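These are the residues of each chain, in order.
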Amino acid sequence: MRASWWKILTIALLAYTLTAGLLLDVPRLPILNETIRALHFHVTMWFGMIIMLVVAVVYSVKFLRSNDLKHDDLAIEFTNAAILFGVLGIVTGMLWAKFTWGDYWSGDPKQNASAIGLLMYFAYLVLRNSLTDVHQRARIGAVYSIFAFAAFIPLIFVLPRLTDSLHPGNGGNPGFNAYDLDSKLRLVFYPAIIGWTLLGTWISSVRVRLRRAERKIEDKLINQVS
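What counts, and where the lines are drawn
- Residues numbered from 1 in each chain as written.
- Predicted model: local features only at pLDDT ≥ 70, side-chain atom pairs only at ≥ 80, totals over all residues.
- Heavy atoms only, no water.
- UniProt positions renumbered as here; feature names shortened; annotations may be inferred.
- Phe/Tyr/Trp six-rings, centres within 6.5 Å; stacked < 30°, edge-to-face > 60°.
- Helix = DSSP H or I, 4+ residues; strand = E, 2+ residues; numbered from the N terminus.
- Buried < 20%, exposed > 50% of the residue type's maximum accessible area, 1.4 Å probe, protein only.
- Core = buried A, V, L, I, M, F, W, Y, C linked by side-chain atoms within 4.5 Å.
- Contact = heavy atoms within 4.5 Å.

An unreviewed UniProt entry annotates the chain as Heme exporter protein CcmC originating from Cecembia lonarensis. Database annotation for the chain, UniProt heading Subcellular location (unreviewed entry): "Membrane".

In structure tokens form, the structure reads like this:
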């Protein structure tokens with residue numbers, strides 16, 4: 001029970017996010033109206049994604065220093081979880097854009113930069129799967145992960161601010177925090193970030209255990225053959 005407290009917290013936070021995010025009062029603003037509720041899903045999922053990518057980079061560095069595959073297991077699975085949340089963030093952002101901008105995809109610099117960023121990480125998965133040697137895959141994947149993250153952050157946070165963009169917080173447009181005049185949105189926003197991040201950690205931990213179990217089975221089979 002003690003080891004599962006954070007899983008119980010994850011369920012509680014996400015249940016709160018879903019119910020409060022959809023039912024609590026939100027600021028009534030022109031154009032945005034009810035679509036401002038996307039803040040609790042679209043934005044918070046991407047915050048969780050960034051946190052998971054940071055964790056992946058940390059474990060990539062640890063692997064390069066130790067050559068321990070346990071660190072690579074964590075790096076790849078946190079990256080996988082981050083990609084999942086990145087895709088969900090793109091989808092929820094497209095739904096929001098449809099109601100506020102009139103189209104699912106309008107070629108906005110923020111949308112394009114986010115798509116390019118995700119493609120960089122899809123390429124990371126393709127690169128890893130193309131390599132057969134476990135240690136080579138881990139080393140090249142770790143280096144790629146570090147450089148991809150270094151390019152990803154300015155791509156989605158800096159470049160869109162330097163161009164004309166419709167996205168809140170970019171191109172001279174106010175961010176969502178400017179709309180949260182009575183701080184009601186924050187009551188859901190911050191718990192949602194924690195909830196999505198914990199869910200990503202949960203998914204990653206399960207997949208890490210599966211990955212390590214598969215490797216043990218493969219090693220036993222190789223030993224039996226040899």
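Draft legend 1. Representation of the packing of aromatic side chains. Here the structure, examined in full by the defined rule, presents eight aromatic pairs. Their ring planes at 85 degrees and their centres at 5.7 Å tell us that Phe47 and Phe189 sit as a pair that is edge-to-face. Separated by 142 residues along the polypeptide, Phe47 in helix α2 (residues 42-66) and Phe189 in helix α6 (residues 186-225) bring together distant segments of the chain. When the ring of Phe85 is compared with that of Trp196, the centres are 6.1 Å apart and the planes differ by 65 degrees; the resulting orientation is edge-to-face. You can see Phe85 sitting in helix α3 (residues 69-100) and its partner Trp196 sitting in helix α6, a full 111 residues away along the chain. Trp196 sits in the buried class, given a relative accessible area of 9%. A network of ring pairs unites the aromatic residues Trp46, Tyr121, Tyr124, Tyr144 and Phe152 as a single cluster.

Draft legend 2. Seen up close, the nonpolar core. By size, the foremost hydrophobic cluster in this structure holds 29 residues, and its most contacted members are Trp46, Met49, Leu53, Tyr121, Phe152 and Trp196. When residues of this core are traced back to their parent elements, those giving at least two are α2, α3, α4 (109-129), α5 (134-158) and α6. Looking at which element gives the most residues to this core, the answer is α2, with eight residues. Setting aside chain neighbours within four positions, we find Met49 in contact with Ala82, Phe85, Gly86 and Phe152. By size, the runner-up hydrophobic cluster in this structure holds seven residues, among which are Val26, Leu39, Leu185 and Phe189.

Draft legend 3. Quick peek at the UniProt feature "transmembrane region" (unreviewed entry) in the chain. When the UniProt feature table is mapped to this numbering, "transmembrane region" (unreviewed entry) covers residues 39-61, 81-99, 111-127, 139-159 and 187-206. The span residues 81-99 is 100% helical and 0% strand by assignment, and the distance between its end C-alpha atoms comes to 28 Å. Helix makes up 100% of residues 187-206 and strand makes up 0%, while its end C-alpha atoms are separated by 30 Å.

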